[in-house]
Structure formats: C-alpha cells, structure tokens
Amino acid sequence: MSIWTYVINRAVRAFLLILGIIVLTFILSHVLAPNPAYVWAGPHAAPSVIQAIIREYHLDQPIYVQLYYYLVSALTFNFGFSPYFKQPVSELIAIYLPRTLQLIFVAMVLTGLIGVFTGAFAAEHKDKWGDYTVKALYLISWCMPPFLAALLLQLFIAYYWGVLPPNLMADPTLAAPRYITGFPTIDALIEGNWPYFWSSLKHLILPAFSLALISFGVITRITRSSMLTALQADYVRAAVMRGVEKGRIVYVHALKNSMIPVITLLALVFSWMISGSVIIETIFSYNGLGWLLTTALYNYDYPTVIGCSVVIGIAVVLANFIADVLYAVIDPRIKLG
Amino acid sequence: MPYGGGVSRTVIAVIAIVIVVAIVIGIYYALTIKPTPPKPVTNVTKLVTTVSCPLPSNTSVIISIENEPPNSVDPAVGFYAGEDEIMTNVYQGLIMFNYTSINSFVPIIASSWQVAPNYTVYIFNIRHGVYFANGDPVNATTFWFSIYRVILMNQVDASFFTNILYNGTEATITGYAIPWGACHALAYATGNSAYTSNYTLCAYALANVLSNFNVYNVTIQKLMSYPNQAIVVLDPYTLEFKLLNPYMFFLQILAEYPASAVDPVFVDQHGGVVPNQQNTYMNTHTMGTGPYQVVQWVPGQMVVLQANPNYWAAKLPPSESNIMLTPPKIKTVILEYTSSADQIINMLESGKAQLMGPLAIPALPPLYLPSLEQNPCLRVVIEPPSVPTWLFLMITLDTQKYPLNITAVRVALVHAINYTEILDTVAMGAGELYVGPISPGMPFYNPGNLPPYNYDPNLAIQILKSLGFKLTLPNGTVINPNGQPLSLTLTYVSDDPAQVKIAQEVQIMLSQIGVQLTLNPVTTQQEENLISQPCTAPSYPQMLIWYWYPSWLDPVYQDLVVQTNAMYSGIAGNVACFNNTEVNDLTNVLPFITNETLMTQYVTEVYNITYQQAPDIWLYAIRQYWVQSCYVQGVFWNPGILGYYFPLMYYNTTACSPS
C-alpha cells in the first residue's frame, strides 16, 4: 500500500470516528437533560424567554430532528451558540484551546525530556541503584492520582515555599497581550510584552510539571526497554571496541535508535494529557479547554460540550494519525496497511 | 555493552517502604499543619505592640477575588451576580438607589421625574450634557432604543419588563417580545398596517429600526413619538413610560441595569439588534456612561475596569450631583476569578486581593468567617439586622405528592426543625430567623407579625401519631407499630458546604421524631433540571434546600407572588408547587395593586394561609456579609445595587489600627 493510500484510508476512518463522537455525545447530553432550557434561562426568566430558547435550539423537536439540525451545522464547523457562555462555541474553542495546547506542549516537552533521559539512565545502570531509583520514582508518580500530585506540588512549592505562583495563567495585575495566535505566552512574545511573557512562563511551570509527572513514567519504561535492546546491538559493541566514550554511546547512538516506539507513545501521552488537563486546569485555575468542557458539562451546555468533544476527538485522532505516519516514515522496515 | 551487578531484593523493598513512609508523613504534615498567613510585623521592643498590615503595592488599584466569571455584561443578557457587578459600575440608568436606601432614589441620567397617581405613567426629564465614554450623546431617544432593545432581544433581562412594558402571554404564543404599541407605532410611522397583524414582520421591522438607528430620520422620529406605546419620546429630553398595568415598583426596575442606557451607535456598529438573539460583541464589550469601563477581559480569568476618563458626571456642579455620581477614587479595579475557596482565602490573607466577591452571593460560605476574622488585616463585615435581607434559605416541600400533600405532615415537619441550631452552626451569625415568603427588612414583610415556626418535636410527633404513621424514635419507642413508616428524601446542592451541613442536621432532627430522611446530593444544574419538570414527575424533589432572591426590589411580586402562585410552579419560584385557590386569586392581582393599604391586607391574608399550610420550611434569611482588607473604605451593601459599587471605595492608610 502506498503512503497516500494509507493516508486517505486513515483520514476516512478518522472522519467516521469524529462523526461517531458527535452523535454519541449529542445523544448522551440529551439523555442527561432532555430540556435544559430552564437551566439555561435560570429560575428568574419569564416564560416567553424560555419558549424563545426552546424554539431556537429546537428542544421541542424529537431528538433525531435536533441531531439532524446539529449535524448540518457541525459539518461546516459551526458548533452553534453557547447558551451558558453566550458566545459562539467556535469562538470559545478558539480562545480556550490554545491555552490548553500551550500547557500540553510544555508538559509534553517535559515528559519527553524526563522520560527519555531517565529511561536512558535506567538502561545504562540496569539492575543497579540508578535503575531501581528511577523505577521507584516513576511507579510512585504513575500510581498517584493526578489531582493528588497537582495538589501536593501546589501546596508545597507554591503555598509553603512560595517559589512559584499557585494559580492563574499570569500575574493578574499585568496587562494581557492582544489575541494574535491565542497562545498567551507567544502573543506576549510577539508583542514584546516581557513582563507578561515571563509571568506566563512562570505560571506554566507547576501545571505543566504536574501533567508531566503523571505521564513520564510510561516514556521512561519504554525508553529503558528500547535502550536495553539497542545496547545489545552490534553497532554498540563496535563502538565500545573502538573506544567511544560511554556517555556518547548511550545518549547519542543508542538513544537515537530507541526513539521509534517513544514517538508512537507520545501520541498516546498527548491523548492522556488532554483528558488529564481537565483536572489540572481546575486545580490551578488555569482556564483552558478542560475548564471550558467541565463548566459546560455542569451547566448542560450541549453545544459547547459537543464542540469540545469534537475538537478533543480530532486532536487525539490527529495525534495518533501523525504518529502512525511518522512511524512508517521513520522506519522503512514498517509495512503500511 | 556488558552490564552486571545488582542489589538484593530485600534492600530494594526496604528502600521502597522508607520512601512510602516518608511520603505519608509528608502528606500528614501538610494536612495537619496549616501554613501561617504572612504575619503582620510586630514590633516587640515597644511597650505596646503594633501590627502593620501590608499596604497594596499600588493604591490606585483594588483587586477583588471572585468565583463567578461573567459571560455577558450586556444589560439585555447578563443576569448573574458577577455580571451584575460589572454592569452596575459601567452602565447607568435614569435613576439609582440612594446609597444604602432601598426606598429612595437619586437622579442619575434623569434630572427629575413625575409619577402618575395611578402608577400607569412615569415621565422623566433627561439631563443635558450626558455622554457615553466614547463621547456619543445621551438623550431620551437613547432610552427608547435601549429598553426596546432589551425587550426585543427577549433574553433573561426582558423578564424585568414582562406585563409592564410588553405582554408576556402574547410573547409566549407568538415567539416575539414586542413592546406594547410598537407595532401600531410602526404602522403609523410607515403607513404599513401589516405590522399590526403580523408579529414576525413587526419584530423584524423594529429590529431593523434599532439596527439602523438614526434619530434624525423623520420616520423614526414619528415612530418614537407615537403616543400609544410603552415608551414615548415626548421631546429630546423628555421620556414617558406607559405601563400595561399600574405598577408601584416601576422605579425599582428602572434603577436596575436592564434599564441602562446603551450607545445605539456602538451597538449598530457591532451587530445591531436581532429578535430573540444575543449580540455576542456586546456580551463582552461595553459602552456605557458609568464611572468605569471594561478595558481588559481575559475569559474565565479576569476583568479589568478602568475609571472612565470621559465621565460626564465628573463635570457636574455639586448642586446637580449626588453621592452615586461620585467619580472613582480608585482608578483601576481588577476582578479575578477562581473556583477554589482555598485560593480565595489565600489571596485575601496574603493581601494580594482586597475584597472577596461577588457581593450579592458571597464566594465563601459563613463557615469560613471565624477563621478569617482572626486575621487582623482583614475585616469581616456582616450587615446588622436593621439592614433588609435579600437572599434567603428554605426547604421546599412538594405539596403535590404524598405524603407532603397532607398539610398536617408539613406542619409537623416545620415544628421538627431546630432553627436556632441551624442558625448558630451554619449561618454563623450571618443569618436571622424569618417568616416567609418575603425576607426581613423588605417592605410588606410579615405584616401580621407571625412568629417564626418554633422547634417543638413533641408537637411534631403528636401530629404524625394522629395521622397513623409508624414512628421509631431514637430511644427505641415505636409509635403506631402497624402504621406506615414515614420516609422522605431531601435534595440539596453538594458543593455548597452550608447546604451539606443543613442536610445532615435536618436528617438528625427528623430522626428524633422517627422520620427517616434520605439525603440526595446533586449539582446546582441538576437541581434546576429536577425542578423544571412537572410537579408530579417522579423525580421532582420531595424536599429541596433552596435559595431565593428577588430579581428586583418588589418583594410582593418577586418574592411572595412567584413563590405562592400556582402559575409559577417549579423553577419559576413556587418550588413547593403550592396551589391554593384563595392564594392564587390574591396573588393574581397583587403585583398591580397600587393602594398600599389594600396590598398590605392581601399580603397579610396570603401570609396567614401559607403560614397555616406550610408549603416551605423557612430556615433563615442571610445577612449580607463580605470580607475586605482593613485599608479599604467605602464598601456598602444595597440589595437593589447588586454588587460592589467601586466609585465610593478608597484606601485609608491609617485604617488598620494597632492591636
């Protein structure tokens, strides 16, 4: 199978998956609260206001009719209007998604760096103190519930020691940058708003580290296993015999060849981080897509819930898709299809 | 690469155990030992120790830490506490409540007004020289535009004008909320009589007028001056309101933000007006005449208000001004939002925030107040009993389903509650007992001076015994062993610590009289979803802990009528689904009675009936409270203003007295 056939095949499957996400989320949302007009309008709204909402969202129609109206607009990326946030859902996603992506990007870099180098370190010191220490660390972080890790970090590092700020995206007394890319840190950089830039970086550390802490373990494990295999390879033995420095052998030659499974895994890590960010964002008052989704869910804001679910689904599918394609590109031994 | 060697498994196990134990000890330490807030510096060398609280680094900035980020600050859409607070400081109407008074008003954009004796006509004279922050002028046509816009958009704030400036029943049937007489006015101005019979045509034509609002257009002038409609522009600086029904409390509505002046030019430049639709730009952008303007909005995180540099009232001579027109002393207000109670406390105790908000519905329940009072740099302010309460708490009883459809059962329950204990342990001094459905301090509160229900478990037992219920008392006594046990379910919001505590205490109290109470925790939205069903639906809450407050300060209509009239059954206010013919007859006419004596009489009758029928257990009315820095002055509460009014606040650097 050629790479293009493979790509098209995967794209079609991804589309069907996204469609399934929309339908499933729509149905589940409506089972949860068939007529949320009263919740959206609140207890003090006049009957005419409630009727207007019912008409606008077709809430008096059968569910399949509502689904039809929704699908027609969703397929043109019009996710409707949020009755709770009072903005078009697509605009809300454009505001909140970049914040989460910024957080996840930093967390993934941290995860990758920590995971890869601890894995390589563990492989280098197989069955010695270094190996067991690394194993203990990632097992503890892996077992720890995400909220506990985040709360402990916040408590000690922010509240007790005061080293880093405990919450928010940046110092609220600083002027926020204009919306250019939507990534607050990058927008501050583009504008030359250095106080905000450094503040937002500082505020990113704890939540990103919390996310990384619960995710790096699997990278460490895979890297370690992969490294152990690589370290048994003939080219490594040859390098040893040629007198190449040990560190260079481990961290340059062997590590490079161990990265293939790690790349695949990073796509999965991205998926976990998207879901893990919901809790982390709430704990650190870092209002990104996770916060948007949680708040929308609590307020029966269907359009926003479905819009967020679609976006997250697309992100996860895309991440896996890219990983699959990269895997095939990086390793010519892999057969497609 | 050869590797070898290893560590014994025993050693590894010991190391792992040591690490786990260290973590457990660390968590225990973290949980048991509270971090001390930044201590004020004490000078121990002097005979009298002094405490100095840290001043904010910038005294031209005040930070309020709040838990309700706004979603809309459009006076036609915004409704909730966090939104009210912003709109109150950015927009202005014709009048405003006079400082802490709920009965008197001061002129804001109006210079004076007259009220017809029959309360059907209100005439306002508009000040000259009022303008928006962008310099656009304000006159009578601005209010014609602004209020018609609110009605036509038919969002939650249109409710303020239902059956007063537009016909609510007609709007429900036709799908369009149109100010009364506006269609005829359009027909008159344009010569097209189709507007009087086609509501869709009329609504969109009116929207078109508002979206292309040109006060110099002759047709629009004819439209605005047409005499038989809700609002008539008599001349550029005189406005006449003609009400559908006589209404004594119309000034209370006009003092609220839905009656604010909104710049027509600004609106038309950004989306205009569409029937039944919100203007998304206006949801997050403001253009008012008020003392502040929104200069920064980070969704979900922060809103920054800056003093309006073009504030028209700053130029008023003292003889024409009043306290509510005072220009801001603190130039910048930062409203930060977080959902975490711990973060709110931390921000206050560290001095990073000087206020806790929103004011109308406090972010922290009273349970937190005692610990905050320990901090000498903070002031916990609880309004005294002389100040009218606004928010009150009750347990509603579903009067449409067995066994609570039996009046005697409800009467037994109201006497089974130890109100004083709930007041002491939950309200923590920020509450007072009351007899509903109006809250204490409000006009027409309990005109017959009925006493609050008393705690009398023996009476409760006697009543239930006489009804034949089987009661198993805590001491083992079984009353009516062959009877049917009485089991009830109490629904409450699980993320409100006050409601959780009340639920637990009520469960214990009812067990004392042999009633088994099952607790049903839900989220706020689940709660609203449950009570938006028909009253006889199986999942409609049997008993529900419920807050209520009036949308505007008409306690008769907004408290008494909506909580007791069957037309408002369910989420609209009458959560107990109380349906009494006599009460319905009285409350159908009550809102539009203009004779105070007659109103008092009717209210007394409704009170007597509901007191005897007991559809609700009145727990306590909340005395408004807030937490502020000791340096901040000028903070006050008025239930009609709904939020902090920042222009009157300032820092007094000597206010934190030595202790």
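Per-chain numbering applies: the sequence of each chain, read as written, is numbered from 1 onward. Chains carry letters from A onward and ligands carry numbers from 1 onward, assigned in written order. Predicted model: local features are reported for residues with pLDDT of at least 70 only, side-chain atom pairs are reported and counted for 80 or more only, and whole-chain, interface and lining totals are derived from all residues.

Student: Describe the overall build of chain B, and please don't skip the residues or the numbers.
Tutor: Per the secondary structure count, chain B includes 20 helices and 26 strands. Note on method: radius of gyration uses C-alpha positions; expected globular size equals 2.2 Å times residues raised to 0.38. Relative to the 2.2 N^0.38 estimate, which gives 26 Å for 659 residues, the radius of gyration of chain B is 28 Å and therefore close to what a compact globule would have. C-alpha extents for chain B along the principal axes are approximately 95 × 75 × 75 Å. With C-beta atoms placed from the backbone, a residue is buried if 20 or more other C-beta atoms are within 10 Å of its own, exposed if 12 or fewer are, and partly exposed between those counts. Going through the 659 residues of chain B one by one, you find that 51% of them count as buried. By sequence separation, contacts in chain B at least 24 residues apart represent 71% of the contacts at least 6 residues apart. We count a stretch as a helix when DSSP gives it H or I for four or more residues in a row; a strand needs E for two or more, and each element gets its number in order from the N terminus. Placing a C-beta atom from the backbone of each residue, one calls two residues in contact when those atoms lie within 7 Å.

Student: Outline the overall build of chain A, listing residues and values.
Tutor: Across its full length, chain A holds 14 helices and 0 strands. Overall, chain A shows an N-to-C arrangement of helices and strands of α-α-α-α-α-α-α-α-α-α-α-α-α-α. Structurally, chain A occupies a C-alpha span of about 85 × 55 × 40 Å along its principal axes. Residues counted as buried form 46% of the 337 residues belonging to chain A. Pairs at least 24 apart in sequence give 72% of the contacts found in chain A among residues at least 6 apart.

Student: Could you give an account of the domain arrangement of chain B, naming the residues involved and the relevant values?
Tutor: Residue and element names in this part refer to chain B. According to the domain assignment, chain B contains domain 1 (71-294) and domain 2 (391-622). Distance from the C-alpha centre of domain 1 to the C-alpha centre of domain 2: 37 Å. Taken together, the contacts link 13 residues of domain 1 with 7 residues of domain 2. In this classification, Asp, Glu, Lys and Arg are treated as charged, Ala, Val, Leu, Ile, Met, Phe, Trp, Tyr, Cys and Pro as nonpolar, and every other residue, Gly included, as polar. Its residues assigned to classes, the side of domain 1 that touches domain 2 shows 8 nonpolar, 4 polar and 1 charged. Here the limits of each domain have been adopted from an automatic or database domain assignment.

Student: Account for the sheet that holds strand S16 (residues 431-432) of chain B, naming residues and giving values.
Tutor: Residue and element names in this part refer to chain B. Pairing between strands is defined by DSSP: at least two bridges between the two strands are required. Taking strand neighbours across the sheet as the criterion, the 6 strands line up as S16-S23-S15-S22-S20-S21 in an open arrangement whose pairing is mixed. Bordering the open sheet on either side are S16 and strand S21 (516-522), each of which pairs with just one other strand. As judged from the 6 bridges shared by strand S15 (residues 391-397) and strand S22 (residues 543-548), these two strands associate in the antiparallel manner. Considered in S22, the bridge of Ile-395 is made with Ile-545. With respect to the sheet, helix H14 (residues 419-427) is in contact with S16 and strand S23 (616-622), its orientation differing from that of S23 by roughly 40°. The convention used is that axes are lines fitted to C-alpha atoms, helices contributing only their stretch in contact, and that angles between N-to-C directions extend from 0 to 180 degrees. Against the sheet, helix H17 (residues 524-531) makes contact with strand S20 (487-493), S21 and S22, and its axis sits at roughly 130° relative to S20, the strand it touches most.

Student: Explain unusual backbone geometry residue by residue, including any values.
Tutor: Along the chain, Gly-357 of chain B connects to Pro-358 of chain B via a cis peptide bond; the corresponding omega equals 0°. Inspection of the secondary structure assignment puts Pro-358 of chain B in the loop between strand S13 (355-357) and helix H12 (369-373). Omega for the peptide link from Gly-436 of chain B to Pro-437 of chain B comes to 15°, which places this bond in the cis form. Inspection of the secondary structure assignment puts Pro-437 of chain B in the loop between S16 and helix H15 (457-466). Of note in this structure, Lys-86 of chain A is not a glycine but carries a positive phi near 60°. Along the chain, Lys-86 of chain A turns up in the loop between helix H4 (63-74) and helix H5 (89-124).

Student: Quick one: what's the story with the confidence of the model for chain B, residue by residue and with numbers?
Tutor: pLDDT expresses, on a scale from 0 to 100, how confident the predictor is about each individual residue. Across chain B, pLDDT averages 92, with 95% of residues at or above 70. Across residues 1-5 of chain B the pLDDT falls below 50, and counting only partners more than four positions away or on other chains, this stretch makes 8 contacts in the model.

Student: Hey, could you go over helix H2 (residues 81-90) of chain B for me, with residue numbers and the actual values?
Tutor: All names here are of chain B. For H2, the buried fraction is high: 10 of the 10 residues fall into the buried class. Among the residues of H2, those classed as buried are Ala-81, Gly-82, Glu-83, Asp-84, Glu-85, Ile-86, Met-87, Thr-88, Asn-89 and Val-90. Looking at the buried residues of H2, the elements they touch are strand S3 (61-66), strand S10 (292-298), strand S11 (302-307) and S13.

Student: Can you lay out the environment of Ile-422 of chain B for me, pointing to particular residues and giving the numbers?
Tutor: Residues and elements named next belong to chain B. Examined against the element boundaries, Ile-422 turns out to sit in helix H14. As a C-alpha pair, Ile-422 and Ala-498 span 76 residues in sequence and 9.7 Å in three-dimensional space. When sequence neighbours within four positions are dropped, the list of residues in contact with Ile-422 reads Ile-502, Glu-505, Leu-619 and Tyr-620.

Student: Summarise the interface of chain B and chain A; cite the residues concerned and give the values.
Tutor: Interfaces are often sized by the accessible area lost when the parts come together. Chain B puts 52 residues into the contact, and the matching count from chain A is 50 residues. Breaking the side of chain B that touches chain A down by element, the ones donating at least two residues are helix H1 (9-32), helix H4 (168-174), helix H10 (280-284), S10, strand S12 (332-337), helix H11 (341-349) and H17 of chain B. Looking at the side of chain B that touches chain A, the element that brings in the most residues is H1 of chain B, giving 4 residues. Of the residues that constitute the side of chain B that touches chain A, the class distribution is 21 nonpolar, 29 polar and 2 charged.

Student: Quick rundown of the environment of Tyr-199 of chain B? Include the residues and the values.
Tutor: Residue and element names in this part refer to chain B. Its place among the elements puts Tyr-199 in helix H6 (residues 199-211). According to the C-beta neighbour criterion, Tyr-199 is partly exposed, with 18 such atoms within 10 Å. The sequence separation of Tyr-199 and Asn-520 amounts to 321 residues, and the corresponding C-alpha distance is 45 Å.

Student: Outline the sheet that holds strand S19 (residues 484-485) of chain B, supporting the account with residue identities and numerical values.
Tutor: All names here are of chain B. Spatial strand order, S18-S17-S19: 3 strands in an open sheet with mixed pairing. Strands at the two margins of the open sheet, each flanked by one partner only, are strand S18 (478-479) and S19. Here strand S17 (residues 469-472) runs beside S18; their pairing, made up of 2 bridges, is antiparallel. Residue Leu-471 lies in a different strand from S18, and its bridge partner there is Ile-479. Of the strands in this sheet, S17 and S18 touch H15, which is tilted by about 140° from S17.

Student: I'd love a proper account of the nonpolar core, names of residues and values included.
Tutor: For this entry, the nonpolar core is defined as buried Ala, Val, Leu, Ile, Met, Phe, Trp, Tyr and Cys residues connected by C-beta atoms within 7 Å. If you look at the biggest cluster of nonpolar residues, it comprises 310 residues, and the most contacted ones within it are Tyr-148, Ile-151, Leu-152, Ile-178, Leu-186, Leu-206 and Leu-619 of chain B. Counting residues per element, this core draws most heavily on helix H9 (residues 194-231) of chain A, at 17 residues. When residues of this core are sorted by domain, at least three fall in each of domain 1 (71-294) and domain 2 (391-622) of chain B. Discounting chain neighbours no more than four positions away, the residues touching Tyr-148 of chain B are Pro-179, Ala-182, Leu-206, Leu-210 and Ile-231 of chain B.

Student: Describe the pairing of strand S8 (residues 231-235) of chain B, listing the residues and the values that go with them.
Tutor: As paired strands, S8 of chain B and strand S9 (residues 238-242) of chain B are joined by 4 bridges and run antiparallel to one another. Within the sheet, the bridge partner assigned to Val-233 of chain B lies in S9 of chain B and is Leu-239 of chain B.

Student: Tell me about the packing of helix H1 (residues 3-32) of chain A against H4 of chain A, and please be specific about residues and values.
Tutor: All names here are of chain A. The N-to-C vectors of H1 and H4 enclose an angle of 140°; their axes lie 11 Å apart at closest approach. By the angle class used here, H1 and H4 are oblique. In terms of crossing hand, the pair formed by H1 and H4 is right-handed. Here H1 contributes Ile-22, Val-23, Phe-26 and His-30 to the contact with H4, which in turn contributes Ile-63, Leu-67, Tyr-70, Leu-71 and Ala-74. Residue composition of the contact of H1 with H4, by class: 8 nonpolar, 1 polar and no charged. Small angles under 35 degrees read as roughly parallel and large ones over 145 as roughly antiparallel, with 65 to 115 read as roughly perpendicular and the rest as oblique. Left-handed describes a crossing whose near helix is turned anticlockwise from the far helix through less than a right angle; right-handed describes the clockwise counterpart.

Student: Run through the environment of Ile-438 of chain B, naming residues and quoting values.
Tutor: All names here are of chain B. Turning to its location among the elements, Ile-438 is positioned in the loop between S16 and H15. Taking the number of C-beta atoms within 10 Å as the measure of exposure, Ile-438 has 27 and is therefore buried. Between the alpha carbons of Ile-438 and Tyr-549 there is a distance of 9.3 Å; along the sequence they are 111 residues apart. When near neighbours in sequence (up to four residues on either side) are disregarded, Ile-438 contacts Phe-444, Tyr-445, Asn-446, Pro-555, Asp-559 and Leu-560.

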